[in-house]
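Here is what each chain is made of, one letter per residue.
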Amino acid sequence: MNALTALHTLHAKNVTSFNGIEVPDQYSDLDKEYKALRHNVALSDYSHYTKLKIEGDEAFDVLDIAVAGDVAEIRDEQTLYTVLLDEAGNIISDVYIMNDDDTYIVLSEHIDDETLLTLFKERMGEFDDVEFTSLTHSHAIIAMEGPYSWELAKEIYGMDVIGIPFLGFIALEEDVFLLRAGKHGEFSYKVILPNEEAEALWNEIEEKGERYELVKAGLALHKLTRLENPYFSPSGNGSVSRDPRELQLQWMVRYDKDEFYGREKLLEKREQNLAKKVVGVVLEQGGDAHTINSGDAVIYNGETIGKIVSCGYSPSLNKVIAQAILDNTYAYAGIDAYTVKSSDGTEHKIKTTATPFVNNHSMLINPNENSFVNPDKFRNMIEQLEAQQAQKLAEEEKASA
């Protein structure tokens, strides 16, 4: 039986099971949710994340061996985004590791509470001064995401929000955090808080978010945005490979660390030629989300050189996009000589591309100068630049008159 989130009564009619927990799948038209995330603010329930607190004098030692990233790099109120590997050097799941004054909070979207706890205990070795506390079923995660989520979060939590760097966080109270982290490229603020406080905060965000044209969003939206801005996904790229190199996720691994689980096998793999690799793909002309599908063959000169991993329609690009795993000889960006053969036998021209696929709207916003609700400020840098150019043109015309 699936567990329920603390916000279950607020969205019980549109839930889906994720990681053994029921969370919202979709609230309204997907295009409406998408536009809110990319241009305004979206509100989501991320309570399906496994949340594990690890503390004790040897907590660092256990974590540093258990994960492929360098835990020593995390300072207080900073977060490491990395992966857990198995003995063969393959990815089990991605994880966030938050350092709260040498107490660590581990968040994982793709591995359930019991499995994650068992995995860490198996990797303890001779270390015993470690205490594990699960926050998965006692705490919710509410996410404000989108180009103006910082401004809404500032209304609730104050000016300190603007100073939080990406993968930074603020400890609001004991086991209550405001974390800046997301997998879609836009500004994103996740509030980790006790279940009994979740509904009141959700309602407050909804109320204050009205003037930001806030829209509630479910996990269906985040499947699409994470295709546009690819990360590890067990049902997506993880379904065809768990090798960090093949998935082009080797940046999540610190190969120069002296010891971590799966290191030896991973180093052995590095000595071998790479056979295949995941790349981005864009459908050259037309099509919709169902034109091509996962498993469709990628063809070059009549030969199959790979297959589609995951695909969808990007509203930002107005094009079908996909990830494809190709023989390494052909896995380069900028090639337009390939086609995808769909299940009905039709072939569609594609072009390989680097990822992420889209330029995120948050890149056009400076929290110190822009605002969605303040009429005395421009909403983004483009509006600001256009106004400056118009003023300069007017001054030049006046001077020449």
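Residues numbered from 1 in each chain as written. Predicted model: local features only at pLDDT ≥ 70, side-chain atom pairs only at ≥ 80, totals over all residues. Heavy atoms only, no water.

## Considerations on helix α4 (residues 149-157)
- Regarding α4, the residues found buried are S149, W150, E151, L152, A153 and I156.
- Looking at the buried positions of α4, the neighbouring elements they touch are β10 (139-145), β13 (188-194) and α5 (195-209).
- Just downstream of α4, G158 is the residue with a positive phi angle, here 95°. (Buried < 20%, exposed > 50% of the residue type's maximum accessible area, 1.4 Å probe, protein only. Helix = DSSP H or I, 4+ residues; strand = E, 2+ residues; numbered from the N terminus. Contact = heavy atoms within 4.5 Å.)

## Section: the sheet that holds β13
- A sheet is described by the order of its strands in space; here 6 strands give the open sequence β11-β12-β13-β10-β4-β14, paired in mixed fashion. Among the strands making up the open sheet, the edge pair consists of β11 (169-173) and β14 (215-216).
- Taken together, the 4 bridges between β11 and strand β12 (residues 176-180) define a ladder with antiparallel strand orientation. In the strand pairing of β12, E173 is matched with V176.
- Sitting on the sheet, α5 is in contact with β4 (42-45), β10, β13 and β14, with an inclination near 145° to β13. (Pairing = 2+ DSSP bridges. Axes fitted to C-alpha atoms, helices over the stretch in contact; angles between N-to-C directions.)

## Examining the packing of α4 against α5
- At a closest axis distance of 11 Å, the pairing of α4 and α5 adopts a crossing angle of 120°. Here α4 lies oblique to α5, going by the angle between them. Of the two possible hands of crossing, α4 and α5 adopt the one that is right-handed. In this structure, α4 uses L152, E155, I156 and Y157 to contact α5, whose residues at the interface are L201, E204, I205, K208 and G209.
- Tallied by class, residues from the contact of α4 with α5 come to 5 nonpolar, 1 polar and 3 charged. (Parallel < 35°, antiparallel > 145°, perpendicular 65-115°, else oblique. Left-handed = near helix turned anticlockwise from the far one by under 90°. Nonpolar A, V, L, I, M, F, W, Y, C, P; charged D, E, K, R; others polar.)

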